[in-house]
Amino acid sequence: MWPALAMVVALVAGSACGCRRSTSAGKSEATTAKPTPRPRLPRIDVHTHVSPEGLERALVIMNQWGIDGMVNLSGGTPGPPKHRLEGQLEMARASGGRIAVFTNVSFVRAVRTRPDYGVALAEELRLAKEMGAIGLKIPKGLGLGYPAPDGEHVLAVDDPKLDPLFEEAGKLGMPVAIHTGDPKAFWLPPDAKNERLDELRAHPDWSFFGEPVPSWAELYAQFERRVARHPRTTFIGVHFGNDPEDPDSVGRMLDKYPNFFIDTAARVPEIGRHDATKMRQFFEKYQDRILFGTDLGVGPTQDDMMYGSNGSQAPTLDDERRYFESTWRYFETRDRQFESPTPIQGRWKIDGLGLSEAVLRKLYCENAARLLKWKPAVGPTAAAK
Ligand SMILES: [Zn+2]
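Residues numbered from 1 in each chain as written. Predicted model: local features only at pLDDT ≥ 70, side-chain atom pairs only at ≥ 80, totals over all residues.

Colleague: What should I look at first to understand the sheet that holds strand 2 (residues 69-72) in this one?
Modeller: Paired through backbone hydrogen bonds, the strands of a sheet run either parallel or antiparallel to each other. Sheet architecture is open: 10 strands sit in the order 8-7-6-5-4-3-2-1-9-10, paired in mixed fashion. Edge positions in the sheet fall to strand 8 (290-291) and strand 10 (306-307), since each has one partner strand and no second. Where strand 4 (residues 135-138) and strand 5 (residues 176-178) come together, three bridges link them in parallel fashion. Paired with Lys137 across the bridge in strand 5 is Ala177. In this fold helix 3 (residues 84-94) packs onto strand 2 and strand 3 (99-103), with an angle of close to 165 degrees to the strand it touches most, strand 3. (Pairing = 2+ DSSP bridges. Helix = DSSP H or I, 4+ residues; strand = E, 2+ residues; numbered from the N terminus. Contact = placed C-beta atoms within 7 Å. Axes fitted to C-alpha atoms, helices over the stretch in contact; angles between N-to-C directions.)

Colleague: Looking at this structure, how should I read the confidence of the model for the protein?
Modeller: Looking at the protein as a whole, the pLDDT averages 88, with 88% of positions reaching at least 70. For residues 1-15, every residue scores under 50 in pLDDT, and the model assigns this stretch 27 contacts once sequence neighbours within four places are set aside. For residues 19-32, every residue scores under 50 in pLDDT, and the model assigns this stretch 35 contacts once sequence neighbours within four places are set aside. (pLDDT = per-residue confidence, 0-100.)

Colleague: What am I meant to see in the environment of Glu245 here?
Modeller: Here Glu245 lies in the loop between helix 10 (238-241) and helix 11 (247-256). Sequence spacing of Glu245 and Glu270 is 25 residues, and the spatial spacing of their C-alpha atoms is 6.6 Å.

Colleague: So what exactly am I meant to see when it comes to the pairing of strand 1 (residues 44-50) here?
Modeller: Moving residue by residue along a regular strand, the side chains alternate between the two faces of the sheet. With six of its seven residues buried, strand 1 lies for the most part within the structure. The β-α-β motif built from strand 1, the intervening helix 2 (residues 55-65) and the parallel element strand 2 has right-handed crossover chirality. As paired strands, strand 1 and strand 9 (residues 296-298) are joined by three bridges and run parallel to one another. Bridging across to strand 9, Val50 finds its partner in Val298. (Buried ≥ 20, exposed ≤ 12 C-beta atoms within 10 Å, placed from the backbone. Right-handed = clockwise from strand over helix to strand, strands pointing away.)

Colleague: Quick question: what am I supposed to make of helix 11 here?
Modeller: Residues separated by three or four positions in an α-helix point in the same direction, a consequence of the helix having 3.6 residues per turn. Residues of helix 11 that are buried: Pro247, Val250, Met253 and Leu254. All buried residues of helix 11 project into a common sector of 115 degrees when viewed along the axis, lining one side. Exposed positions of helix 11 whose direction lies more than 90 degrees from the buried face are Asp248, Asp255 and Lys256. As for helix 11, its buried residues are in contact with helix 9 (216-229), helix 10, strand 7 (260-263), helix 12 (268-271) and helix 13 (276-285). (Arc of directions from axis to C-beta.)

Colleague: Mind showing me how you'd approach helix 3 here?
Modeller: Three or more residues of helix 3 are buried, namely Leu85, Gln88, Leu89, Met91 and Ala92. The buried residues of helix 3 occupy an angular sector of 155 degrees when projected down its axis, which confines them to one face. Elements in contact with the buried residues of helix 3: helix 2, strand 2, strand 3 and helix 5 (117-131). Where helix 3 ends, the next residue or the one after it, Gly96, has phi of about 70 degrees, a positive value.

Colleague: How should I be thinking about the environment of Asp68 in this particular structure?
Modeller: Here Asp68 is to be found in the loop between helix 2 and strand 2. For the pair formed by Asp68 and Ala377, sequence separation is 309 residues and the distance between their alpha carbons is 8.5 Å.

Colleague: Explain the environment of Arg196 here, please?
Modeller: Within the secondary structure, Arg196 sits in the loop between strand 5 and helix 8 (197-202). Taking the C-beta count within 10 Å as the criterion, Arg196 has 23 such neighbours and is therefore assigned buried. Between the C-alpha atoms of Arg196 and Arg347, which are 151 residues apart in sequence, the distance is 8.4 Å. Apart from the residues within four sequence positions on either side, Arg196 is in contact with Pro183, Ala185, Phe186, Gln345 and Gly346.

Colleague: Help me understand the nonpolar core in this model?
Modeller: Taken as a class, soluble globular proteins show a tendency for nonpolar side chains to be buried jointly. Core analysis: the largest hydrophobic core is formed by 100 residues, its most contacted members being Ala58, Leu125 and Val176. Looking at which element gives the most residues to this core, the answer is helix 15 (residues 357-372), with eight residues. Excluding anything up to four places from it in sequence, Ala58 contacts Val50, Met70, Ile99 and Val298. (Core = buried A, V, L, I, M, F, W, Y, C linked by C-beta atoms within 7 Å.)

Colleague: I keep staring at unusual backbone geometry and nothing clicks. Help me out?
Modeller: Keep in mind that most residues, glycine aside, have a negative phi and that most peptide bonds are trans. A positive phi angle, near 55 degrees, is found at His239, a position not held by glycine. Its place among the elements puts His239 in helix 10. Even without glycine at this site, Phe240 takes up a positive phi of about 55 degrees. Tracing the backbone shows Phe240 in helix 10.

Okay, structure coming up:
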């Protein structure tokens, strides 16, 4: 047994989404009055990327920051050449029921080898489900990079030949976490006016400006057509529905498509700059449709970590602390103008939502448990600090 796993088992406290544990949540540096400590709520992080060697570190982070379960969206594919999914499922089993896995599928290989590539991908998904994966993650490569059969274009998000894959996901009850596009600023010139300049300076290859790729709007239209076409398939639009810059548009999608859900992964900096009252109303109105996610990347060493986004240097433990503390502070307090979890994503401060406990419970845990039909088996007795 992993040393960290032994520690987890020793700290069993009850099933997630059902119990309260004592610790403070969301520090309030901006106010002089001491905040009333409130019980730490159960949490499932629906958006992480845990490497096969990252289990021990993932368990330490969960215990440290009060997260009961993680969904690893980097499951890999079930088939050759790497059979990565097997290893990721094995790692999830070794977590003692605290990690669940979404599979990926082999778009590039299927398009290259089968004229009916959507059927091939549906078969692959079925196999992944049999092996133990609970959902499907579609990376932004669909629409931006995977080649179409003609070898000249990219495979569109709404390519009709992919329909069998998305229909099969619905039949199998596997939610589809889908990333389409990227921040709108990545399509704009990477100059002084670009609000993501710090990030683009650290990662010049993240810019799509002048690249032969579809426009942001075209990708989003493909994505919407995909969601519309499969009413019996559950979609989780990652990164706040792939459109955190425009919550009104995300609300329109949520109103129109009952099969559409969103996660908050790596977008607290973006949504945190919108008017806090308006965003609180958004979280209240769509309280059954929003899932808590971080986009945490976990590897075996500190150098392998990613907290939503990274600069050119490896992130530090201070970055980790800011990432989680600012995240809890955003959801749980009404503090104003504090540092975002990931300042490299924009030079602005954010305002907290101070959601009610009932809404927080849904956001942090209950919506995920319902949608994924999965709960972490155990939880830590205490969170951070
Ligand atoms: Zn991600």
